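Listed below are the residues making up each chain.
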Amino acid sequence: MSNQFAMDNEVLKQLEIIKKLQKRSQAAVYSLYAQAVLEYSLYYNKKDQLLEAIDESLVSKDKERFMTLTNEYKILKEEYKSGKTIYDYGFKLHLTFQ
């Protein structure tokens, strides 16, 4: 007596592939999310530090420090003006920064 609900071995193989792809997709989402959080954290932390230091240099009237810090700020803004694309597991995510 054969089981009419038994699946063909090829179907089982395809189901295993689908299951692996789902796990891969989930891992990709988690990885991209973690990378995005890290990128945003690094950018906004650096930006905030520079702006605070620029304000301090204005208060102390330190022109040389002000020029150095504003140059660093311009470089940071230039580096991120087009955003940043991160990749993982064959997926990509483009981040934008303000």
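Residues numbered from 1 in each chain as written. Predicted model: local features only at pLDDT ≥ 70, side-chain atom pairs only at ≥ 80, totals over all residues. Heavy atoms only, no water.

Description of the packing of aromatic side chains
Where two aromatic rings form a pair, the distance of their centres and the angle of their planes describe that pair.
Inference 1: Inspection of the entire model under this criterion finds seven aromatic pairs.
Inference 2: Taking 4.8 Å as the distance between ring centres and 80° as the angle between the ring planes, the aromatic pair formed by Y43 and Y44 counts as edge-to-face.
Inference 3: Among the residues examined, Y43 registers a relative accessible area of 1% and is labelled buried.
Inference 4: Ring pairing ties together the aromatic residues Y40, Y43, Y44, Y80 and F97, which thus form one cluster. (Phe/Tyr/Trp six-rings, centres within 6.5 Å; stacked < 30°, edge-to-face > 60°. Buried < 20%, exposed > 50% of the residue type's maximum accessible area, 1.4 Å probe, protein only.)

Quick notes on the pairing of strand β2 (residues 91–95)
Every regular strand shows the same layout, with side chains that alternate between the two sheet faces.
Inference 1: Here strand β1 (residues 84–88) pairs with β2 via five bridges, running antiparallel. Each bridged residue has a counterpart across the sheet, and for D88 the counterpart in β2 is F91.
Inference 2: Turn length for the β1-β2 hairpin, with the two strands adjacent in sequence and antiparallel, is two residues, and the turn residue Y89 shows positive phi of about 50°. (Pairing = 2+ DSSP bridges. Helix = DSSP H or I, 4+ residues; strand = E, 2+ residues; numbered from the N terminus.)

A closer look at the side chain of E39
Inference 1: With respect to the element layout, E39 can be found in helix α1 (residues 9–59).
Inference 2: Classification of E39 by relative accessible area gives buried; the value is 13%.
Inference 3: There is a polar contact of 3.3 Å between the side chain of E39 and the side chain of K84.
Inference 4: Ignoring any residue separated from it by four or fewer positions in sequence, one finds E39 in contact with Y80, K84, I86, L95 and F97. (Polar contact = N/O pair within 3.5 Å; in protein donor to acceptor, adjacent residues only side chain to side chain. Contact = heavy atoms within 4.5 Å.)

A short note on the environment of L32
Inference 1: Along the chain, the position of L32 falls in helix α1.
Inference 2: In the structure, L32 is positioned 54 residues away from I86 in sequence and 7.1 Å away in space, judged by C-alpha atoms.
Inference 3: When residues no more than four places from it in sequence are discounted, the contact partners of L32 are I86, Y87, D88, F91 and L93.

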